[in-house]
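What follows is each chain in one-letter form.
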Amino acid sequence: MSIRADGSTIRRARWDDLALLLLLAAIWSSSFMFIKVAVVTVPPLTLAVMRLALASTLLAAYVWRTGVRIRLTPQVLFAFVFVGCFGNALPFTLIGWGEQTVSSGLAAILMGAMPLATLILAHYFTKDEPFQRRRLLGLLIGLTGLAVLVGWDALSDLGGAWIAQMAILSAAVSYAVNTVFTRRNLHIPGPILAAGAISAGTIMLLPLALLLESPWQIQPTSSALWSIAALGVLSTALATLLYFHLVRAIGATAFSQVNHMIPIMGVLWGALFLGERPGVRELLALTLILVGVWLVNHSARRA
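This text gives an overview of the structure that appears in the document. Owing to the predicted nature of the structure, the values given are computational and were not obtained by experimental measurement.

**Thoughts on the overall build of the chain**
Piece 1. The secondary structure content of the chain amounts to 12 helices and 2 strands.
Piece 2. The helix and strand sequence of the chain, counted from the amino end, reads β-β-α-α-α-α-α-α-α-α-α-α-α-α.
Piece 3. Here the chain, with 303 residues, has 50% of them falling under the buried criterion.
Piece 4. A fraction of 89% describes how many contacts in the chain between residues 6 or more apart in sequence connect residues 24 or more apart.
Piece 5. Approximately 14800 Å² of the chain is accessible, and the part contributed by carbon and sulfur atoms is 70%.

**Thoughts on the packing of aromatic side chains**
Piece 1. For the coordinates displayed, the defined rule picks out 6 aromatic pairs.
Piece 2. With centroids separated by 6.2 Å and ring planes inclined at 70 degrees, the aromatic side chains of Phe78 and Phe181 adopt a geometry described as edge-to-face. Residue Phe78 is found in helix H3 (residues 74–98), and its partner Phe181 is found in helix H7 (residues 162–183); the two are separated by 103 residues along the sequence.
Piece 3. A ring pair is formed by Tyr243 and Phe244, whose centres lie 5.1 Å apart and whose planes are at 65 degrees; its orientation type is edge-to-face.
Piece 4. Residue Tyr243 is classed as buried on the basis of its relative accessible area, which comes to 7%.
Piece 5. Residue classification places Phe244 among the buried residues on the basis of a relative accessible area of 2%.
Piece 6. Each residue in the set Phe78, Phe82, Phe86 and Phe181 is aromatic and connected to the rest through ring pairs, giving one cluster.
Piece 7. When the ring centre of Trp64 is taken as reference, the NZ or CZ atom of Arg69 above it lies at 4.6 Å.

**Overview of the nonpolar core**
Piece 1. Judged by nonpolar contacts, the single largest core of 43 residues is most densely connected at Leu24, Leu193, Leu205, Phe255 and Val258.
Piece 2. Of all the elements in the fold, those that place two or more residues in this core are helix H1 (15–38), helix H2 (44–66), H3, helix H8 (190–213), helix H9 (222–250), helix H10 (252–256) and helix H11 (258–273).
Piece 3. Here this core takes 9 residues from H9, the largest share from any one element.
Piece 4. Residues contacting Val258, with those up to four places away along its chain left out, are Leu21, Leu24, Ala25 and Trp28.

**Some words on unusual backbone geometry**
Piece 1. Of note in the backbone geometry, Ser214 takes a positive phi value of approximately 45 degrees without being a glycine.
Piece 2. Relative to the assigned elements, Ser214 resides in the loop between H8 and H9.

**Digging into helix H5 (residues 114–125)**
Piece 1. In a regular helix each residue adds 1.5 Å, so 12 residues correspond to 16 Å; H5 covers 16 Å between its end C-alpha atoms and thus fits that length.
Piece 2. All buried positions along H5 are accounted for by Met114, Pro115, Leu116, Ala117, Thr118, Leu119 and Ala122.

**Concerning the packing of H2 against H3**
Piece 1. In the contact formed by H2 and H3, the axes pass within 11 Å of each other and the chain directions differ by 155 degrees. Accordingly, the angle class assigned to the pair H2 and H3 is roughly antiparallel. For the element pair H2 and H3, the recorded crossing hand is right-handed. On H3, the residues that touch Leu45, Ala48, Arg51 and Leu52 of H2 are Asn88, Phe92 and Thr93.
Piece 2. Grouping the constituent residues of the contact of H2 with H3 by class yields 4 nonpolar, 2 polar and 1 charged.

Rules used in this analysis
Residues numbered from 1 in each chain as written. Predicted model: local features only at pLDDT ≥ 70, side-chain atom pairs only at ≥ 80, totals over all residues. Heavy atoms only, no water. Helix = DSSP H or I, 4+ residues; strand = E, 2+ residues; numbered from the N terminus. Buried < 20%, exposed > 50% of the residue type's maximum accessible area, 1.4 Å probe, protein only. Contact = heavy atoms within 4.5 Å. Areas by Shrake-Rupley, 256 points an atom, 1.4 Å probe, with all protein chains shown as cover. Phe/Tyr/Trp six-rings, centres within 6.5 Å; stacked < 30°, edge-to-face > 60°. Lys NZ or Arg CZ within 6 Å of the ring centre and 35° of its normal. Core = buried A, V, L, I, M, F, W, Y, C linked by side-chain atoms within 4.5 Å. Expected span 1.5 Å × (residues − 1). Axes fitted to C-alpha atoms, helices over the stretch in contact; angles between N-to-C directions. Parallel < 35°, antiparallel > 145°, perpendicular 65-115°, else oblique. Left-handed = near helix turned anticlockwise from the far one by under 90°. Nonpolar A, V, L, I, M, F, W, Y, C, P; charged D, E, K, R; others polar.

Shown next as structure tokens:
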């Protein structure tokens with residue numbers, strides 16, 4: 001455990017932290033299912049705006065209810081805009097555009113670069129998460145587990161539609177930048193930063209949705225509306241609160257391994273609701289990812 005400048009601490013992940021990390025991975029992995037249902041009748045930018053608007057309303061109500069307050073200085077407003085851009089608007093747009101031509105398997109591997117980018121950025125832009133070889137080894141093992149899960153043949157398309165692939169890779173870096181920035185802004189209470197950032201992301205995407213998709217003309221089905229509700233409440237509002245809590249508690253690098261866990265949780269969703277049975281490859285991938293998580297967490301500094 002190490003002491004930050006503001007008196008708070010970053011600690012080695014405990015079992016309850018790992019449980020929350022798995023819960024967050026489960027929530028984020030389920031979002032792909034809800035998006036697949038909703039996007040049939042709701043275009044992607046409009047879908048993103050609707051889920052963000054719902055989440056920002058819920059988070060604003062939560063902040064008001066809890067009585068947490070902060071003075072809206074230029075620095076705080078900049079943090080809202082920065083996190084809203086790099087944590088919501090930019091990656092949502094890049095992933096949505098990139099996955100039109102990039103397979104989901106290759107996209108998962110490219111997004112798996114987020115923990116590596118976080119490790120590098122945290123070394124240079126935080127004081128309590130220095131580069132460590134064991135952490136790098138853990139991240140590489142986790143990334144290998146991810147590649148085993150989706151299949152090495154997914155890499156056969158690497159370099160093909162390179163602009164779309166760079167878009168997804170840029171989204172991974174965007175999430176890494178956002179995670180490290182969050183660690184550097186611990187003076188802003190998590191719920192307030194979550195509400196402000198998601199509101200900022202909504203404002204950024206709204207003009208694009210209005211200009212490119214004419215959302216007033218869409219006719220969403222009831223299943224699409226229920227899916228958007230799930231995305232707004234679970235995948236955005238609740239997940240963002242968990243995100244800020246975990247980044248503050250266990251650090252940016254340890255948290256970033258959630259990107260390796262998400263595909264594994266997707267397999268578990270399939271086993272629970274689609275009757276799919278994990279095979280040897282899935283179990284091997286799970287083992288590698290858990291070993292990677294252990295190595296990264298085991299290398300956390302003690303006070």
